[in-house]
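Take a look at the letters that make up each chain.
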Amino acid sequence: MSDLSPIAKTVADLRNTFDRSYSLPPSSSGAEQVENLLALRLAGNPYAIRVTEIAGLVNNRKTVAIPSPISELLGVAGIRGGLVPVYSLAALLGYDRNGYARDASPARWLALCGNEDQVGLGFSDLEGYLRVPAVQIYAASQENIMGGHVKDVARVDGLVRPVVSIPSVVEMIQRRCGEIRVSPMQL
């Protein structure tokens with residue numbers, strides 16, 4: 001068997017971990033509760049997103065740039081037979097402005113969000129899948145971290161990862177699109 005590329009290996013590891021989680025017996029009421037997170041990096045900083053808050057994850061989709069008054073819009077990508085607007089998750093969290101470092105890497109990964117008007121949140125570095133005990137997730141100590149889109153933090157292997165609230169980010173996108181009177185799919 002040939003060696004897998006780093007991306008193919010990451011995807012295979014995620015798939016195997018996900019499949020294994022369904023082969024385990026259901027947890028009993030006394031068992032420890034866990035949160036399923038995706039570990040990622042934005043502008044070189046560690047973050048996490050809840051698996052339950054996204055509709056899917058895809059990689060290496062060509063994003064075609066389009067003109068837009070929303071600077072965080074990277075363009076559109078073809079996904080599952082339709083066009084999905086792709087936004088930079090780093091830019092939505094304030095990177096690229098306010099003195100934060102720019103996330104110069106192309107968005108290789110897309111977290112698909114929403115049901116009807118689906119959007120893609122693009123980021124470049126996926127570090128893996130995490131099962132974090134619920135007792136290791138804490139409310140963020142500051143109310144307005146990353147524009148109010150980080151409400152929790154997770155402590156994993158001695159590293160604190162802000163957990164991005166995907167519903168909060170999607171709501172902001174919808175609000176900004178409403179301000180310019182278009183739906184996220186019209187961009």
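What counts as what
Residues numbered from 1 in each chain as written. Predicted model: local features only at pLDDT ≥ 70, side-chain atom pairs only at ≥ 80, totals over all residues. Heavy atoms only, no water. Core = buried A, V, L, I, M, F, W, Y, C linked by side-chain atoms within 4.5 Å. Buried < 20%, exposed > 50% of the residue type's maximum accessible area, 1.4 Å probe, protein only. Helix = DSSP H or I, 4+ residues; strand = E, 2+ residues; numbered from the N terminus. Phe/Tyr/Trp six-rings, centres within 6.5 Å; stacked < 30°, edge-to-face > 60°.

Visitor: So what about the nonpolar core? Which residues, and what values?
Guide: Leu42, Tyr87, Leu121 and Val164 are the most contacted members of the largest nonpolar core, which totals 33 residues. Elements with a contribution of two residues or more to this core: helix H1 (6-23), strand E1 (34-42), strand E2 (45-50), helix H2 (89-92), strand E7 (109-113), strand E8 (119-123), strand E9 (125-133) and helix H3 (166-179). Per-element accounting of this core gives the leading share, six residues, to H3. Ala39, Ala48, Val132 and Ile137 belong to the second largest nonpolar core, which has nine residues in total.

Visitor: Mind laying out the packing of aromatic side chains, listing which residues take part and the relevant values?
Guide: Taken as a whole and assessed by the stated rule, the structure comprises one aromatic pair. Pairing Tyr47 with Tyr95 gives two aromatic rings, centres 6.4 Å apart and planes at 90°, and the pair type is edge-to-face. In this pair, Tyr47 is assigned in strand E2 and Tyr95 in the loop between H2 and E7, connecting sequence segments 48 residues apart. For Tyr47, a relative accessible area of 4% translates into the label buried.

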